[in-house]
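Each chain, letter by letter, is given below.
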Amino acid sequence: MNLPNLLTLLRVAMIPLFVLAFLSGTNGWIALVIFILAALTDALDGYIARKQNIVTDFGKLMDPLADKLMVMSAFICFTAVGLLHPAVTIIIMSREFLVTGLRSIASSKGRVIAADIWGKLKTIAQDVCIIAVLLWQAISGGTGFFEVLCYACIWIMTILTVFSAVNYCVKNKDLFSAK
């Protein structure tokens, strides 16, 4: 097993640790550090895989899956404790399943749907939003400017998520035909 794939597996192993740290409510800093470390392993495994030209089928499948699992875990945790409206979590999860489904259909037709700028912006917005909410909870919770900033971040992220989903559907509308 190569280093990028090991880093991906490490990220998957961090998911239950993140969930436990966040839901235990004992120290928000631990959940924040785990999430940041997971995000760093994502950047590092991608960098190493590109730099050393180590691309495997396992990595192609597990790297994006690990990312989606970590992000969805965070948003489900936020929803569970009332920090995030369930509709936002449903929108995020629906977009991920929709785009993954489109990619599967495209793959079966010998096509690859690469991430575009809107998908990348959505991912950045999601990570920033998660880190902001975790930081807000670690620092104080409560109300104030940081809370307003977090909710603005959530709105922006949700809008980017919807726009990204629509963009992928429009650009790949031929995949919806019966042919």
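See the structure printed just above.
Because the structure is a prediction, the values reported are computed rather than measured. Residue positions are given per chain, counted from 1 along the sequence in the order it is written. Only residues with pLDDT of at least 70 are given local features in this predicted model, and only at 80 or more are side-chain atom pairs given and counted; all residues enter the totals for whole chains, interfaces and linings. Note that the side-chain values use all heavy atoms of the structure and ignore hydrogens as well as water.

### Details of the pattern of salt bridges
Here is step 1: Note on definitions: salt bridges are taken to be side-chain nitrogens of Lys or Arg within 4 Å of carboxyl oxygens of Asp or Glu. Within this structure, the stated rule accounts for 9 salt bridges.
Here is step 2: Through salt bridges that share partners, Arg11, Asp42, Asp45, Asp63 and Asp67 make up one connected network.

### Examining a nonpolar patch on the surface
Here is step 1: The grouping of Ile117, Trp118, Leu121, Ile124, Val128 and Phe163 at the surface amounts to a nonpolar patch, some 540 Å² of accessible area in total.
Here is step 2: Labels follow the DSSP assignment, with helices taken as runs of H or I lasting at least four residues and strands as runs of E lasting at least two, numbered in each case from the N terminus. A per-element tally of the nonpolar patch places helix H5 (residues 117–139) first, with 5 residues.
Here is step 3: Its location among the elements puts tryptophan 118 in helix H5.
Here is step 4: With a 1.4 Å probe rolled over the protein chains alone, any residue whose accessible area is under 20% of its type maximum counts as buried; one over 50% counts as exposed, and the rest are partly exposed. What makes tryptophan 118 partly exposed here is its relative accessible area of 31%. Residues enter patches when their relative accessible area tops 30% and they take part in no salt bridge; the joining distance is 9 Å for like charges and 5 Å for the nonpolar side chains Val, Leu, Ile, Met, Phe, Trp and Tyr. Under the convention used here, a 1.4 Å probe and the Shrake-Rupley method define accessible areas, while residue burial counts only the protein chains that appear.

### Remarks on the environment of leucine 135
Here is step 1: When you line up the elements, leucine 135 lands in helix H5.
Here is step 2: Judged by relative accessible area, which is 27%, leucine 135 ranks as partly exposed.
Here is step 3: Sequence-wise, leucine 135 and valine 55 are 80 residues apart; in three dimensions their C-alpha atoms are separated by 34 Å.
Here is step 4: Non-local contacts of leucine 135, meaning those with residues more than four positions away in its chain, are made with Trp29, Leu32 and Phe146. In what follows, a contact means two residues having at least one pair of non-hydrogen atoms within 4.5 Å.

### A short note on the packing of aromatic side chains
Here is step 1: Between rings of Phe, Tyr and Trp, where Trp is taken as its six-membered ring, a pair exists when centres lie within 6.5 Å; planes separated by under 30 degrees are stacked, by over 60 edge-to-face, and by other angles tilted. Within this structure, the stated rule accounts for 6 aromatic pairs.
Here is step 2: Pairing phenylalanine 18 with phenylalanine 22 gives two aromatic rings, centres 6.3 Å apart and planes at 15°, and the pair type is stacked. A residue pair is termed a helical-turn pair when its members lie 3 or 4 positions apart in one helix, as phenylalanine 18 and phenylalanine 22 do in helix H1 (residues 3–24) at 4 residues.
Here is step 3: When its relative accessible area of 0% is taken as the criterion, phenylalanine 18 is described as buried.
Here is step 4: Considering the side-chain rings of phenylalanine 75 and phenylalanine 78, the 6.0 Å spacing of their centres and the 85° angle between planes classify their relative orientation as edge-to-face. Of this pair, phenylalanine 75 and phenylalanine 78 both sit in helix H3 (residues 57–80), 3 residues apart, which is roughly one turn of the helix.
Here is step 5: With relative accessibility at 1%, the residue phenylalanine 75 sits in the buried group.
Here is step 6: Taken together, the aromatic side chains of Phe18, Phe22, Phe35, Phe75 and Phe78 make up a single cluster linked through ring pairs.

### A word on the environment of leucine 121
Here is step 1: Position of leucine 121 relative to the elements: it lies in helix H5.
Here is step 2: For leucine 121, a relative accessible area of 33% puts it in the partly exposed group.
Here is step 3: Sequence spacing of leucine 121 and leucine 160 is 39 residues, and the spatial spacing of their C-alpha atoms is 7.3 Å.

### With respect to the environment of serine 140
Here is step 1: By the secondary structure assignment, serine 140 is in the loop between H5 and helix H6 (145–171).
Here is step 2: Put simply, serine 140 and isoleucine 34 are 106 residues apart on the chain and 19 Å apart in space, counted from C-alpha to C-alpha.

### Examining the state of the cysteines
Here is step 1: Whenever a pair of cysteine sulfur atoms sits within 2.5 Å, that pair is classed as a disulfide. Here the structure, examined in full by the defined rule, presents 0 disulfides.
Here is step 2: No disulfide involves cysteine 153; its sulfur sits 4.0 Å from that of cysteine 129, the nearest cysteine.

### Details of the side chain of threonine 161
Here is step 1: Here threonine 161 lies in helix H6.
Here is step 2: Judged by its relative accessible area of 0%, threonine 161 is buried.
Here is step 3: Contacts described as polar in this section are N or O atom pairs within 3.5 Å, which, within protein, must combine one atom able to donate a hydrogen with one able to accept it, while residues neighboring in sequence count only if both atoms come from side chains. Of note is the side chain of threonine 161, whose polar atom sits 2.8 Å from the backbone oxygen of methionine 157.
Here is step 4: When residues no more than four places from it in sequence are discounted, the contact partners of threonine 161 are Ile91, Ile92, Arg95, Lys122 and Gln126.

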